[in-house]
2 protein chains.
Amino acid sequence: MSDRPPSLAEIEAAAYRLAPWAVRTPLLHSPRLDAALGGTILFKAEPLQRTGSFKFRGGFNAVSQAGGRPVVAYSSGNHAQGVAAAAALVGVPATIVMPADAPAIKIANTRADGAEVVLYDRARDDREALGAEIAARQGAVLIKPYDAAATIAGQGTCGLEIAAQCQDRGLAPDAVVVCCGGGGLVAGSALALRASFPEVAVYSAEPEGFDSTRRSLEAGRRTTTPPGAASVCDALLAREPGALTFAMNRELLAGGLAVRDVEVADAMLAAFEALKVVVEPGGAAALAAVLAGRLEVRKKVVVVVLSGGNVDVETFRHLVSEAAVRRSRSMTS
Amino acid sequence: MSDRPPSLAEIEAAAYRLAPWAVRTPLLHSPRLDAALGGTILFKAEPLQRTGSFKFRGGFNAVSQAGGRPVVAYSSGNHAQGVAAAAALVGVPATIVMPADAPAIKIANTRADGAEVVLYDRARDDREALGAEIAARQGAVLIKPYDAAATIAGQGTCGLEIAAQCQDRGLAPDAVVVCCGGGGLVAGSALALRASFPEVAVYSAEPEGFDSTRRSLEAGRRTTTPPGAASVCDALLAREPGALTFAMNRELLAGGLAVRDVEVADAMLAAFEALKVVVEPGGAAALAAVLAGRLEVRKKVVVVVLSGGNVDVETFRHLVSEAAVRRSRSMTS
């Protein structure tokens, strides 16, 4: 099946479909962060989205267009929960292929949404082959995590809302920074945002070592990052951009930003203290890029997408406590 | 100065004054908590309010009515930040009388909002006398934390928003549960809510040992709780209700609920996991009451007010980790 980038009308149609079920997440604002950064910074709070991340948007849009057939997806986390919740609402069976070592809470949440979970061994099994085999056997539609028009159109509703919320406040964003794994959220959002604000500079934010969109934008072609990297951003471990998403992003984005794990933890602490929102590591990459000064924000209007909040207590307290200790050391030294 | 309860029109006027500055905080929803509790539960997210708690509402309304005179307030936490931020926006000097052992972060935040902080010794000094003395010397207006019409009217805008947000969804709340210290938030919100929903049952939620509104409602008169109690809910340590707030609450409330510290910590964990919102101990009392079964919520529409999120990292991680350990023990035993 050859797919193609979605149109703006497909994003608007997705927004119409999603309206009864998705949360129109708030655009938060912190006078304290504004003062610290010298700009007007707004935060799109996707941790408050249904299933705790933006993934419900694309999942629901794709599942609702699967013609009432069963659906199958592979994911270790947010896409799994988004597709499972969407299938339950649409009323079709869902099978989610997850690694056996995925966090127990994510497996439990996916099952709680009514999906059948098929576990695989990361080292031994090929999850894509497993998904294709299940799809063939069940007559199910495979719901891709990012490289499909329906998924990208759903994620683009996030950008559509940002544009409307900026217009409501009489603000024209100079820049929008979006967390990026395979690139679906930033691609769909950039398309929607630039329809309302043709001059807006949209940036992807990725963990160092998995900054494949940044590298691909610089190279002018899809580039794979070297193996062996590691990051706390479990939701953003894509080593190359999608074909469809990169075809869009090379036309739409102003550039790519990369962040280190300690910067991500500092951003999670800042979201905790100044915004009172729980942000998972991968959901904090865009905020990390802004706080670490990867982008000039002084005297500018900048929107930062906080893309998800599905982090377990143990990981959260570990990262945020370390960030707090680091800060108090840097204050006293 | 004899004060009187605010009217509904004064709450609506406060909403008009607050509109450019306060956040219309979202009413959150968790399908997972609904499934666990068997009802439709909505969460008013005041941690996302300016200054991190509902206190900005009453603080701003009172400061904006102080006739351009300097203001003074005594508070160890949320009221201090609310008044300081309000004074900065209105453009009047603010002096905040705070205990010397208040959390450093709360003192720093109050100063960051431009207020002069006067520290006192909890054991030795009389903060009310200190505040009155400063007010007399500076010609300043004392902004009371709860027992004043302008403050209660401002807090009532929270209830006004809940009513409008329920109407937007076509829902009539059966009950609303509100965290309660001196009783300003629950009094103002109950007045506003019952104007739209005359049948709604509004409950206060307090920590055990500081459940003075609950005891006063049962006794039919203002009652002081015995000394010597302790609670993690630093924002709710009032040992008796306000005169004005209790005069309202005895007419408006359906009853009072009391919660234990461990139930508060469990509620903070639930807000972290299911809502992705940072809630401080005192801000989690109403959620704790619902999760602990103090109120029948099955098949009902219930609004829970999460009243604030100003908690330091160390306290948060301590309470939430303990709650997670308690849960995993109860699962394996």
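Residues numbered from 1 in each chain as written. Chains lettered and ligands numbered in written order. Predicted model: local features only at pLDDT ≥ 70, side-chain atom pairs only at ≥ 80, totals over all residues. Heavy atoms only, no water.

## Considerations on the relation of the copies chain B and chain A
Defined as follows: Copy-to-copy superposition: least squares on the C-alpha atoms, limited to residues that have pLDDT of at least 70 in both copies.
The two copies are related by a screw motion: chain B maps onto chain A through a turn of 180° and a shift of 0.0 Å along the axis, at an RMSD of 0.0 Å. What the rotation and shift describe, once combined, is the action of a two-fold rotation axis. The C-alpha atom lying nearest the rotation axis in chain B is that of Val277 of chain B; the distance is 2.4 Å.

## Some remarks on unusual backbone geometry
Residue and element names in this part refer to chain A. Quick note on the threshold: Segments assigned H or I by DSSP are reported as helices when at least four residues long, segments assigned E as strands when at least two residues long, and all are numbered from the N terminus. In this scheme, a residue with accessible area under 20% of its type's maximum is buried, one over 50% is exposed, and one in between is partly exposed, where area comes from a 1.4 Å probe on protein chains only.
Of note, Thr51 is a non-glycine position whose phi angle comes to about 70°, a positive value. Mapped onto the fold, Thr51 is located in the loop between strand 2 (40–45) and helix 3 (55–64). Residue class for Thr51 comes out buried when judged on its relative accessible area of 17%.

## Focus: the pattern of salt bridges
Opposite charge on two side chains permits them to pair, given that their charged atoms come into close proximity. Counted only if it meets this: Any carboxyl oxygen of Asp or Glu within 4 Å of a side-chain nitrogen of Lys or Arg constitutes a salt bridge here.
Applying the stated rule across the entire model yields 36 salt bridges over all chains. The shortest N-O distance in the salt bridge between Arg215 of chain B and Asp211 of chain B comes to 2.9 Å. In this structure Asp211 of chain B comes out as buried when scored by relative accessible area, which is 3%. What emerges from the salt-bridge pattern is a single network uniting Lys44, Glu46, Arg57 and Glu161 of chain A.

## A look at the environment of Gly309 of chain B
For clarity, the cut-off: Contact definition: two residues touch when any of their heavy atoms are within 4.5 Å.
Residue position: Gly309 of chain B is located in the loop between strand 10 (301–306) and helix 13 (313–332). Between the C-alpha atom of Gly309 of chain B and that of Arg214 of chain B, which follows or precedes it by 95 residues, the distance is 24 Å. With residues up to four places along the chain from it excluded, the contact list for Gly309 of chain B reads Lys276 of chain A together with Pro47, Gly52, Val278, Val279 and Glu280 of chain B.

## Here we look at the packing of helix 11 (residues 261–275) of chain B against helix 13 of chain B
All names here are of chain B. For clarity, the cut-off: Here, axes are lines fitted to C-alpha atoms. For helices the fit covers the stretch in contact, and angles between N-to-C directions go from 0 to 180 degrees. Geometric relationships in this document are graded by angle, where less than 35 degrees denotes roughly parallel, more than 145 denotes roughly antiparallel, 65 to 115 denotes roughly perpendicular, and other angles denote oblique. Residue type decides the class: Asp, Glu, Lys and Arg count as charged, Ala, Val, Leu, Ile, Met, Phe, Trp, Tyr, Cys and Pro as nonpolar, and the leftover types, Gly among them, as polar.
Interaxial distance between helix 11 and helix 13 falls to 8 Å at its minimum, and their mutual angle equals 95°. Considering their axes alone, helix 11 and helix 13 lie roughly perpendicular with respect to each other. Contacts between helix 11 and helix 13 involve Val262, Ala265, Asp266, Met268, Leu269, Phe272 and Glu273 from the former and Phe316, Leu319, Val320, Ala323, Ala324, Arg326 and Arg327 from the latter. A breakdown of the residues in the contact of helix 11 with helix 13 according to their chemical character gives 10 nonpolar, no polar and four charged.

## Quick notes on the sheet that holds strand 5 (residues 116–120) of chain A
Residue and element names in this part refer to chain A. The test is simple: Two strands qualify as a pair provided DSSP detects at least 2 bridges between them.
One open sheet accounts for four strands, arranged 5-4-3-6; its pairing is parallel. Of all the strands in the sheet, just strand 5 and strand 6 (141–142) have a single pairing partner and so form its edges. Relative to strand 5, strand 4 (residues 94–99) runs parallel, the two being bridged by five bridges. Bridge pairing links Thr95 to Glu116 in strand 5.

## Structural notes on helix 5 (residues 104–112) of chain A
Formally: Throughout, the arc means the angular range of directions from the helix axis out to the C-beta atoms.
Of the positions making up helix 5 of chain A, those classed as buried are Lys106, Ile107, Asn109 and Thr110 of chain A. End-on view of helix 5 of chain A: buried residues confined to an arc of 165°, all on one side of the axis. Exposed residues pointing more than 90 degrees away from the buried face of helix 5 of chain A are listed as Ala104 and Ala112 of chain A. For helix 5 of chain A, the elements touching its buried residues are helix 4 (78–90), strand 4 and strand 5 of chain A together with helix 2 (31–37) of chain B.

## Focus: the packing of aromatic side chains
Put simply, the test is: A pair of Phe, Tyr and Trp rings is counted when the ring centres sit within 6.5 Å of each other, with Trp represented by its six-membered ring. The angle between the planes then sorts it: under 30 degrees is stacked, over 60 is edge-to-face, the rest tilted.
Evaluated as defined, the whole model comprises seven aromatic pairs over all chains. Seen in terms of ring centroids, Phe272 of chain A and Phe316 of chain A are 6.2 Å apart; in terms of plane orientation they differ by 50°. Their pairing is tilted. Taken together, the residues Phe272 of chain A in helix 11 (residues 261–275) and Phe316 of chain A in helix 13 (residues 313–332) connect sequence positions 44 residues apart. Across the pair, Phe316 of chain A and Phe272 of chain A agree in class, each one buried. Each ring, one from Phe316 of chain A and one from Phe316 of chain B, has its centre 6.4 Å from the other, and the planes form 70°; the classification is edge-to-face. One end of the pair, Phe316 of chain A, is in helix 13; the other, Phe316 of chain B, is in helix 13, on a second chain.

## Observations regarding the interface of chain B and chain A
Test applied: What gets called buried area is simply the loss in accessible area from a 1.4 Å probe that two parts show on being joined, summed for both. We call two N or O atoms a polar contact when they sit within 3.5 Å, provided that within protein one can donate a hydrogen and the other can accept it, with sequence-adjacent residues counted only if both atoms are side-chain atoms.
Between chain B and chain A, the contact holds 29 residues from the first and 29 residues from the second. Carbon and sulfur atoms supply 64% of the area that chain B and chain A bury against each other, a total of about 2,200 Å² over both sides. A salt bridge links Arg32 of chain A to Asp113 of chain B; the nearest nitrogen and oxygen atoms lie 3.2 Å apart. For the pair chain B and chain A, the interface holds 12 residue pairs in polar contact (both at pLDDT 80 or more). Where the side of chain B that touches chain A is concerned, the elements lending two or more residues are helix 2, helix 5 (104–112), helix 11 and helix 13 of chain B. The element that contributes the greatest number of residues to the side of chain B that touches chain A is helix 13 of chain B, accounting for six residues. Here the residues of the side of chain B that touches chain A sort into 16 nonpolar, six polar and seven charged.

## Here's the deal with the domain arrangement of chain A
Residue and element names in this part refer to chain A. Which entries qualify depends on this criterion: Residue ranges for the domains originate in an automatic or database domain assignment.
Domain parsing of chain A yields domain 1 (8–53 + 149–332) and domain 2 (67–142). Computed over C-alpha atoms only, the centres of domain 1 and domain 2 are separated by 25 Å. On the domain 2 side, the residues contacting the nine residues of domain 1 number seven residues. Between domain 1 and domain 2 lies a buried interface of about 690 Å² when both sides are counted; carbon and sulfur atoms form 53% of it. A per-residue breakdown of the area domain 1 buries against domain 2 is headed by Trp21, Thr51 and Asn310, which together make up 52% of the total. Along the contact surface separating domain 1 from domain 2 lie one salt bridge. The partner of Asp234 in a salt bridge is Lys106, and the shortest N-O contact between them spans 3.1 Å. Put simply, domain 1 and domain 2 have three residue pairs in polar contact (both at pLDDT 80 or more) between them. Along the lines of polarity and charge, the residues of the side of domain 1 that touches domain 2 split into two nonpolar, three polar and four charged.

## Brief notes about the sheet that holds strand 1 (residues 27–29) of chain B
Residue and element names in this part refer to chain B. Read across the open sheet, the six strands follow the order 1-2-10-7-8-9; overall the sheet is mixed. At either margin of the open sheet sits one strand with a lone partner, and together these are strand 1 and strand 9 (255–259). Direction aside, the axes of adjacent strands within the sheet are offset by 30° on average. As defined by bridge partners, strand 7 (residues 175–179) adjoins strand 10 across three bridges and the pair is classed as parallel. Following the sheet pairing, Ala175 is matched in strand 10 by Val302.

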